[in-house]
Amino acid sequence: MSVLSDATIHDLVQRRRIRIEPWDPDLVQPASVDLRLGDSFRVFHNHRAPAIDLREPPGNLTEEVVVPREESFVIHPGEFCLGRTLEWVELPDDIVARIEGKSSLGRLGLIVHATAGFCDPGWKGTLTLELNNLTRVPIKLYPGLQIAQLSFMVLDRSAQRPYGSPDLGSHYQGQRAATESRYEGARSLPDAPRMG
């Protein structure tokens, strides 16, 4: 799997094999595309659950906050929240993408994603960002801020079941706002065999 160059990214977007909207060709870097911060955030209400039990994840842990473009969203020291990209991204069934935080923001103590860095082939939607302030001072975020970069790789062949296939249960396909966890992993596990 090789990472796509700027020329290839331009070509695939022009041919509508990769869709990024709104599209700004000035945001293309040598091997990635810069993505901007959207206006939708999800903040956690820690008082609603004593703990997050991954066998029975609680619902209603977050609340959406929509920030007007000219206003800021403040992420306080040690705080974790969800955001989203301004851009809607669609991938064909033979291309995957990786989202990474911008190095300049990381050097200021802002982490843009903890684990959600991979976009499957067939993905359609905005990308949810896992934002974390590692500093001891608040950080102001603004809708439209260049927040992350997306790089692309071609698979050796098209995925047989791209993201969004009916039998996959793709929880986040078509998301437009910052989307809270829809984790169900532990619920579907069979009972462990008994030893002895």
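Residues numbered from 1 in each chain as written. Predicted model: local features only at pLDDT ≥ 70, side-chain atom pairs only at ≥ 80, totals over all residues. Heavy atoms only, no water.

1. A few points about the overall build of the protein
Argument step 1. Secondary structure assignment for the protein yields two helices and 15 strands.
Argument step 2. Counting only residues that meet the buried cut, the protein has 40% of its 196 residues in that class.
Argument step 3. The contacts of the protein with a sequence gap of at least 6 include a subset with a gap of at least 24, amounting to 76%.
Argument step 4. Taken as a whole, the protein presents about 11,600 Å² of accessible surface, with 50% of it coming from carbon and sulfur. (Helix = DSSP H or I, 4+ residues; strand = E, 2+ residues; numbered from the N terminus. Buried < 20%, exposed > 50% of the residue type's maximum accessible area, 1.4 Å probe, protein only. Contact = heavy atoms within 4.5 Å. Areas by Shrake-Rupley, 256 points an atom, 1.4 Å probe, with all protein chains shown as cover.)

2. Observations regarding the nonpolar core
Argument step 1. Formed by 37 residues in total, the largest nonpolar core has its most connected members in Leu91, Leu141, Leu150 and Phe152.
Argument step 2. Looking at this core, the elements with two or more residues in it are helix 1 (6-14), strand 3 (32-36), strand 4 (40-44), strand 6 (73-75), strand 9 (95-101), strand 13 (128-133), strand 14 (139-141) and strand 15 (146-154).
Argument step 3. The residues contacting Phe152, other than those within four sequence positions of it, are Ser2, Val3, Leu4, Ile9, Ile18, Ile20, Val33, Leu91, Ile95, Val96 and Ala97. (Core = buried A, V, L, I, M, F, W, Y, C linked by side-chain atoms within 4.5 Å.)

3. Examining the environment of Arg36
Argument step 1. Here Arg36 lies in strand 3.
Argument step 2. Assessed through its relative accessible area of 15%, Arg36 is described here as buried.
Argument step 3. Between the alpha carbons of Arg36 and Thr85 there is a distance of 5.6 Å; along the sequence they are 49 residues apart.
Argument step 4. With near-sequence residues (within four places) excluded, Arg36 lies in contact with Pro22, Asp24, Leu27, Arg84, Thr85, Leu86, Glu87, Gly144, Leu145, Gln146 and Ile147.
Argument step 5. At a separation of 2.6 Å, a polar atom in the side chain of Arg36 contacts the side chain of Glu87. (Polar contact = N/O pair within 3.5 Å; in protein donor to acceptor, adjacent residues only side chain to side chain.)

4. Considering the sheet that holds strand 9
Argument step 1. Strand order in this open sheet of five strands is 2-3-15-9-11, and the pairing throughout is antiparallel. Two strands in the sheet have a free side with no partner beyond their single neighbour: strand 2 (28-29) and strand 11 (118-119).
Argument step 2. Of the pairings in the sheet, the one linking strand 9 to strand 15 comprises seven bridges and is antiparallel in character. Paired with Gly101 across the bridge in strand 15 is Ala148. (Pairing = 2+ DSSP bridges.)

5. A few points about the sheet that holds strand 1 (residues 19-21)
Argument step 1. Spatially, the three strands line up as an open sheet ordered 1-8-12, and their pairing is antiparallel. The two strands at the open ends of the sheet, each matched to only one other strand, are strand 1 and strand 12 (124-125).
Argument step 2. Pairing analysis gives three bridges linking strand 1 to strand 8 (residues 88-90), with the strands arranged antiparallel. By the bridge assignment, Ile20 is partnered in strand 8 with Val89.

6. Things to note about the pattern of salt bridges
Argument step 1. Per the counting criterion, the structure on display carries 10 salt bridges.
Argument step 2. Across the salt bridge formed by Arg19 and Glu90, the nearest N and O atoms sit 2.5 Å from each other. Of the two residues, Arg19 sits in strand 1 while Glu90 sits in strand 8, which places them 71 residues apart along the sequence.
Argument step 3. The partly exposed category is assigned to Arg19, whose relative accessible area is 25%.
Argument step 4. Among the salt bridges present, the one from Arg98 reaches Glu100, with a minimum N-O distance of 3.7 Å.
Argument step 5. Look at Glu100 and you get partly exposed, because its relative accessible area is 33%.
Argument step 6. Through salt bridges with shared partners, a single ionic network connects Arg16, Arg19, Glu21 and Glu90. (Salt bridge = Lys/Arg side-chain N within 4 Å of Asp/Glu carboxyl O.)

7. Some details on the side chain of Thr126
Argument step 1. Turning to its location among the elements, Thr126 is positioned in the loop between strand 12 and strand 13.
Argument step 2. Assessed through its relative accessible area of 4%, Thr126 is described here as buried.
Argument step 3. Reaching out from Thr126, the side chain makes a polar contact with the backbone oxygen of Arg176 at a distance of 3.4 Å.
Argument step 4. Setting aside residues up to four positions removed in sequence, Thr126 forms contacts with Arg84, Thr85, Glu87, Trp88, Gln175, Arg176 and Ala177.

That's the geometry; what it means functionally is another story.
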